[in-house]
Amino acid sequence: MNKLFLDFDCTIADSVKTYCNVYNSYYKERKGFKVADHSKVKRYDLKDQCHLVDHQETIFSSKEFFKHLEFMPHAKEVIERLGCKYELVICSIGTLDNISYKSQWIKNNLPFIKNVVLVSTAVEAASIKMDKSSVNMKDSIFIDDHVENLLSSNAELKICFGKEFEWNKNWMGHRCFNWKEVENLLL
Ligand SMILES: [Mg+2]
């Protein structure tokens, strides 16, 4: 197995923390605002900490989000080292705005990664199922924080990334809580 598929949000990038930071700076004047604590997020739509956001894409698909987007701790350095041993492919799903900002962020922050599969959520509106199962990961390794993506993938080795959330707490397979653990497992 020399091909390694990497999820983007909550795997490479700390999307939960960035989302809360953006919320705290842009919603603080709104009525009913309470400071969001990223360490307390449980829900996938982050409504438990950021309840004033009508739809999560207001933040996820914004330029501001990508302007402030941070790496997960040690992600960049470990991914760079993994790149010496594996062929890296980033695989992510988002709205057209989200994936267009995302591709720019990847180009600027991970310039050594040339292979990227970005799937638009807009395709789902046309009743065509376009999740990550449409990407052939045969004989490959796949790291993702979402249990549904892991379960529907045909990857040979599936690794659930990061701390436990509502969307991955039932995963029974391999788990790496941080990038240092990924490094120990794969390098
Ligand atoms: Mg993710």
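Above this note sits the structure.
Overview of the structure. In every chain, residue numbers begin from 1 and rise along the written sequence. Reporting of local features is limited, given that this is a predicted model, to residues whose pLDDT is at least 70; pairs of side-chain atoms are given and counted only at 80 or more, and all residues count toward the totals for whole chains, interfaces and linings.

1. Focus: unusual backbone geometry
Which entries qualify depends on this criterion: Every helix listed is a DSSP run of H or I at least four residues long, and every strand listed is a run of E at least two residues long, numbered separately from the N terminus.
In the Ramachandran plot, Cys10 falls in the positive-phi region, its phi being about 65° despite a non-glycine side chain. Residue position: Cys10 is located in the loop between β1 (3–6) and α1 (15–26). Even without a glycine there, the phi angle at His74 is positive, about 65°. By the secondary structure assignment, His74 is in the loop between α3 (63–68) and α4 (75–85).

2. A short note on the nonpolar core
Defined as follows: For our purposes the nonpolar core covers buried Ala, Val, Leu, Ile, Met, Phe, Trp, Tyr and Cys residues that link as a set through C-beta atoms within 7 Å. Any residue with 12 or fewer other C-beta atoms within 10 Å of its own C-beta is exposed, any with 20 or more is buried, and the rest are partly exposed; the C-beta atoms used are placed from the backbone. Note that contacts rest on C-beta atoms placed from the backbone: two residues are in contact if these are within 7 Å.
Counting 43 residues, the largest nonpolar core has Phe5, Tyr19 and Tyr23 as the members making the most contacts within it. If you tally residues by element for this core, the top one is α1, at 5 residues. Contact partners of Tyr23, with chain neighbours within four places excluded, come to Ala36, Cys50, Val53 and Ile59.

3. Regarding the sheet that holds strand β3 (residues 115–120)
Sheet strands pair via backbone hydrogen bonds, and the direction of the pair is either parallel or antiparallel. To keep things clear, this is the line we draw: Pairing between two strands requires that DSSP report at least two bridges joining them. For helices, the axis comes from a line fit to the C-alpha atoms of the stretch in contact; other axes are also lines fit to C-alpha atoms, and the angle between any two N-to-C directions lies between 0 and 180 degrees.
Pairing is parallel across the open sheet formed by 6 strands, whose spatial order is β3-β2-β1-β4-β5-β6. Edge positions in the open sheet fall to β3 and β6 (174–176), since each of these has one partner strand only. Taking each pair of neighbouring strands and ignoring which way they run, the sheet shows an average axis angle of 25°. The pairing of β1 with strand β4 (residues 141–144) spans 3 bridges and is parallel. Bridged to Leu6 within β4 is Ile143.

4. Focus on the pairing of strand β5 (residues 157–161)
Where we set the bar: Looking down the strands as they point away from the viewer, one classifies a crossover as right-handed if the path from the first strand across the helix to the second runs clockwise.
With respect to burial, β5 is a largely interior element, 4 of its 5 residues being buried. Pairing of β4 with β5, which is carried by 4 bridges, proceeds in the parallel orientation. Opposite Asp144, over in β5, you have Cys160 as the bridge partner. This β-α-β element, β4 to helix α7 (residues 147–152) to β5, shows right-handed connectivity. Relative to β6, β5 runs parallel, the two being bridged by 3 bridges. Counted as the bridge partner of Ile159 is His174 from β6.

5. Observations concerning the packing of α4 against helix α8 (residues 179–186)
Inclusion rule: Angular relationships are summarised with four words: roughly parallel below 35 degrees, roughly antiparallel beyond 145, roughly perpendicular across 65 to 115, and oblique for the angles in between. If you view the pair so one helix is near and one far, a crossing is left-handed when the near helix is turned anticlockwise from the far one by less than a right angle, and right-handed when it is turned clockwise.
Viewed as axis vectors pointing N to C, α4 and α8 meet at an angle of 15°, and their least axial separation amounts to 9 Å. On the basis of the axis angle, α4 is roughly parallel to α8. Considering how the two elements wind past one another, α4 and α8 form a crossing that is left-handed. The residues of α8 that touch α4, namely those facing Ala75, Val78, Arg81 and Leu82, are Trp179, Val182, Glu183 and Leu186.

6. So, α4
Rule in force here: Arc, as used here, means the arc of the directions from the helix axis to the C-beta atoms.
The set of residues buried in α4 consists of Ala75, Val78, Ile79 and Leu82. Looking straight down α4, one finds that the buried residues subtend no more than 100° of arc, so they occupy a single side. Taken together, the buried residues of α4 touch β1, β2 (87–94) and α8.

7. Digging into the pairing of β1
Bridge analysis of β1 against β2 gives 4 bridges, and the strand direction is parallel. For Leu4, the partnering residue across the bridge sits in β2 and is Leu88.

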